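Understanding the architecture of this molecule
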Amino acid sequence: MPIQFSPADLSRIIEMAWEDRTSFEVIEQLYGLNQHQLIRLMRSELKAGSFRLWRARTSGRSTKHVALRSPEISRAYAPGQYKR
């Protein structure tokens, strides 16, 4: 049975998936979606061209996997991302 998300959660999951510094592991921890489930969700929610751009952007990106990250990266977002 597929996991059902509220529109707000779905929007946040997609936003996090697009963010370079938010790892797949963080999304799994928060929303219970592993990388393969996230890819399926993104394929179903994005337009075909947007999905291809997202896959090209995330494929091979070391910041999307905690194990591949540089130890110098200790946060999941850029310093200016959440300005108040």
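Above this text you will find the structure in question.
Scope of this entry: the structure provided in the associated data block. Everything quoted here is computed from the prediction, not taken from an experiment.

Points about the packing of helix 1 (residues 7–18) against helix 3 (residues 35–45)
Where helix 1 contacts helix 3, the axes come no closer than 11 Å and their chain directions differ by 110°. With respect to helix 3, the axis of helix 1 lies roughly perpendicular. Taking contact as the criterion, the partners of Leu10, Ile13, Ile14, Ala17 and Trp18 in helix 1 are, on helix 3, Leu38, Leu41, Met42 and Glu45. A breakdown of the residues in the contact of helix 1 with helix 3 according to their chemical character gives 8 nonpolar, no polar and 1 charged.

Things to note about the nonpolar core
Among the nonpolar cores identified, the biggest contains 17 residues, and Phe5, Ile13, Leu38, Leu41, Met42 and Trp54 are the most heavily contacted of them. Sorting the residues of this core by element identifies helix 1, helix 2 (24–31), helix 3 and helix 4 (48–58) as the ones contributing at least two each. Residue contributions to this core peak at 5 residues, all from helix 1.

Quick notes on helix 4
Buried residues of helix 4: Phe51, Trp54 and Thr58, and no others. Angular distribution of buried residues about the axis of helix 4 spans 65°; they occupy a single face of the element. Along helix 4, the residues that are exposed and aim more than 90 degrees away from the buried face are Arg52, Leu53 and Ala56.

Quick notes on the rules
What you see as residue numbers is a count from 1 along each chain, following the sequence as written. Totals for whole chains, interfaces and linings use every residue, but because this is a predicted model, local features are given only for residues with pLDDT of at least 70 and side-chain atom pairs only at 80 or more, for both listing and counting. Just so you know, side-chain values use all the structure's heavy atoms and leave hydrogens and water out. Here, axes are lines fitted to C-alpha atoms. For helices the fit covers the stretch in contact, and angles between N-to-C directions go from 0 to 180 degrees. Under the DSSP-based scheme used, a helix requires at least four consecutive residues in state H or I and a strand at least two consecutive residues in state E, with every element numbered from the N terminus. Here is the rule for angles: anything less than 35 degrees is roughly parallel, anything more than 145 is roughly antiparallel, 65 through 115 is roughly perpendicular, and the remaining ranges are oblique. Contact criterion: two residues are considered in contact whenever any of their non-hydrogen atoms come within 4.5 Å of each other. Nonpolar residues are Ala, Val, Leu, Ile, Met, Phe, Trp, Tyr, Cys and Pro. Charged residues are Asp, Glu, Lys and Arg, and all others, Gly as well, are polar. Nonpolar cores were defined as sets of buried Ala, Val, Leu, Ile, Met, Phe, Trp, Tyr and Cys residues, with membership established by side-chain atoms within 4.5 Å. Relative accessible area decides the class of each residue, using a 1.4 Å probe on protein chains only: under 20% of the type maximum gives buried, over 50% gives exposed, and in between gives partly exposed. The arc under discussion is defined with respect to the helix axis, by the directions toward the C-beta atoms.

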